[in-house]
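These are the residues of each chain, in order.
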Amino acid sequence: MNEHPGSPKQFGSRLGEETVEENRELLAKIGSDSILKAPAIKGSIYFYINICGDGTQSKEELIDDPTALNAAIEHIAIEIKYENKHHRWISQLPQALKILEFAAEHLSLNNNITPDNIGVNAELKWRDEKDLENIIHLTQSKGNAKWQVSRFA
């Protein structure tokens, strides 16, 4: 188990390497080698429905779904806290990638809502070797099954 309370749990090295390899395309979109070396990644995910406003603007209404990532919690044995309609965790890169996979799977299984108005947003934060914080926002909708990535300094 962990020697340091609050530190991310270790993923089996083979499984971790496979997970990183399976997500090379997403990591290329993220475009930062520092995420590969980060000892800990803080993650946050929320699911939303796009609500049409005045005809030109849409807004995200967060979905209250505390069980959305239960499969991830069970599969990778990680603590994911649920607060204010957000799922939050601290992990290493392989676990963070697996959580994103489970979020995308949950989104694709949510068939009772039309494809164009449901989605998931994620944020990953980590510190690089110069101790600078890196922030990546990812978004995916049922209509676009690939993660879209935005970088923030």
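In the block above lies the structure referred to throughout.
About the thresholds
The numbering scheme is per chain: residues are counted from 1 as the chain's sequence reads. At least 70 in pLDDT is required for a residue's local features to be given in this predicted model, at least 80 for side-chain atom pairs to be given and counted, and no such filter applies to totals for whole chains, interfaces and linings, which use all residues. Neither water nor hydrogens contribute to the side-chain values; these are computed over all heavy atoms in the structure. Starting at the N terminus, helices and strands are each numbered in turn, a helix being any DSSP run of H or I of at least four residues and a strand any DSSP run of E of at least two. Partly exposed residues are those whose accessible area sits between 20% and 50% of the maximum for their type, while under 20% is buried and over 50% is exposed, using a 1.4 Å probe and protein chains only. Residue contacts are defined here by distance: any two heavy atoms, one from each residue, within 4.5 Å place the two residues in contact. Per-residue accessibility takes into account occlusion by the displayed protein chains alone, with areas from the Shrake-Rupley method and a 1.4 Å probe. A 1.4 Å probe that fits into a set of points on a 1 Å grid over the protein atoms alone but cannot get out defines a cavity; an open set with protein on both sides within 12 Å along at least five of seven lines defines a pocket, and lining residues are those with an atom within 4 Å of a point. Grid points are joined across faces, edges and corners, and a volume is the space filled by probe spheres set on the points. Classes in brief: Ala, Val, Leu, Ile, Met, Phe, Trp, Tyr, Cys and Pro nonpolar; Asp, Glu, Lys and Arg charged; the others, Gly included, polar. Strand pairing is defined by DSSP finding a minimum of two bridges between the two strands. In the sections that follow, a salt bridge refers to a side-chain nitrogen of Lys or Arg positioned within 4 Å of a carboxyl oxygen of Asp or Glu. Counted as a polar contact is a pair of N or O atoms within 3.5 Å, where, for protein atoms, one must be capable of donating a hydrogen and the other of accepting one, and residues adjacent in sequence contribute only when both atoms are in side chains. Nine residue types can take part in a nonpolar core, namely buried Ala, Val, Leu, Ile, Met, Phe, Trp, Tyr and Cys, and a core is a set of them joined through side-chain atoms within 4.5 Å.

Caption draft 1: Here's a closer look at the overall build of the protein chain. Scanning the protein chain for helices and strands turns up five helices and seven strands. Taken across its 153 residues, the protein chain has 39% of its residues classed as buried. Within the protein chain, counting contacts between residues at least 6 apart in sequence, those at least 24 apart form 56% of the total. Entry remark: accessible area of the protein chain is about 9200 Å², with carbon and sulfur atoms responsible for 49%.

Caption draft 2: Structural view of the layout of surface pockets. What the second largest pocket holds in volume is close to 230 Å³. In this structure, the second largest pocket is lined by Glu22, Asn23, Glu25, Leu26, Lys29, Leu97, Leu100, Glu101, Gln140, Ala145, Lys146 and Trp147. Looking at the lining of the second largest pocket, the elements with two or more residues in it are helix 2 (24–30), helix 5 (93–109) and strand 7 (144–152). The class makeup of the residues in the lining of the second largest pocket is five nonpolar, two polar and five charged.

Caption draft 3: Fine view of unusual backbone geometry. In this model, Asn84 sits at a positive phi of 50 degrees, which is unusual for a non-glycine residue. As for its position among the elements, Asn84 is in the loop between strand 3 (81–83) and strand 4 (86–91). At Lys85, a residue that is not glycine, the phi angle is positive and equals roughly 65 degrees. Following the sequence through the fold, Lys85 ends up in the loop between strand 3 and strand 4.

Caption draft 4: Highlighting the pairing of strand 6 (residues 133–141). Note: strand 5 (residues 118–127) against strand 6, nine bridges, orientation antiparallel. Its bridge partner being in strand 6, Ala122 is matched across the sheet by Leu138. Following strand 5, the chain reverses through five residues before pairing antiparallel with strand 6; Asp131 in that reversal takes a positive phi of roughly 65 degrees.

Caption draft 5: Representation of the pattern of salt bridges within the structure. Under the criterion given, the structure shown has six salt bridges. One salt bridge connects Arg24 with Glu21, and the closest N-O pair in it is separated by 3.4 Å. Residue classification places Arg24 among the partly exposed residues on the basis of a relative accessible area of 40%. As a salt-bridge pair, Glu123 and Lys125 come within 3.8 Å of each other at their nearest N and O atoms.

Caption draft 6: Quick peek at the side chain of Ser32. Summarising the element assignment, Ser32 is placed in the loop between helix 2 and helix 3 (34–37). For Ser32, a relative accessible area of 12% corresponds to the buried category. There is a polar contact of 2.8 Å between the side chain of Ser32 and the side chain of Ser34. The contacts of Ser32, once residues within four sequence positions are left out, are Leu27, Trp126, Asn134 and Arg151.

Caption draft 7: Quick look at the nonpolar core. Counting residues in hydrophobic clusters, the biggest one holds 34 residues, and the most contacted among them are Ile45, Ile99, Leu100 and Leu124. At the level of secondary structure, the elements contributing two or more residues to this core comprise helix 2, strand 1 (41–52), helix 4 (70–76), helix 5, strand 5 and strand 6. Per-element accounting of this core gives the leading share, eight residues, to helix 5.

Caption draft 8: Broad picture of the environment of Ala72. Inspection of the secondary structure assignment puts Ala72 in helix 4. With 31 residues separating them along the chain, Ala72 and Ala103 place their C-alpha atoms 8.3 Å apart. Setting aside its immediate chain neighbours within four residues, Ala72 contacts Ala77, Ile78, Ile80, Ile99 and Phe102.

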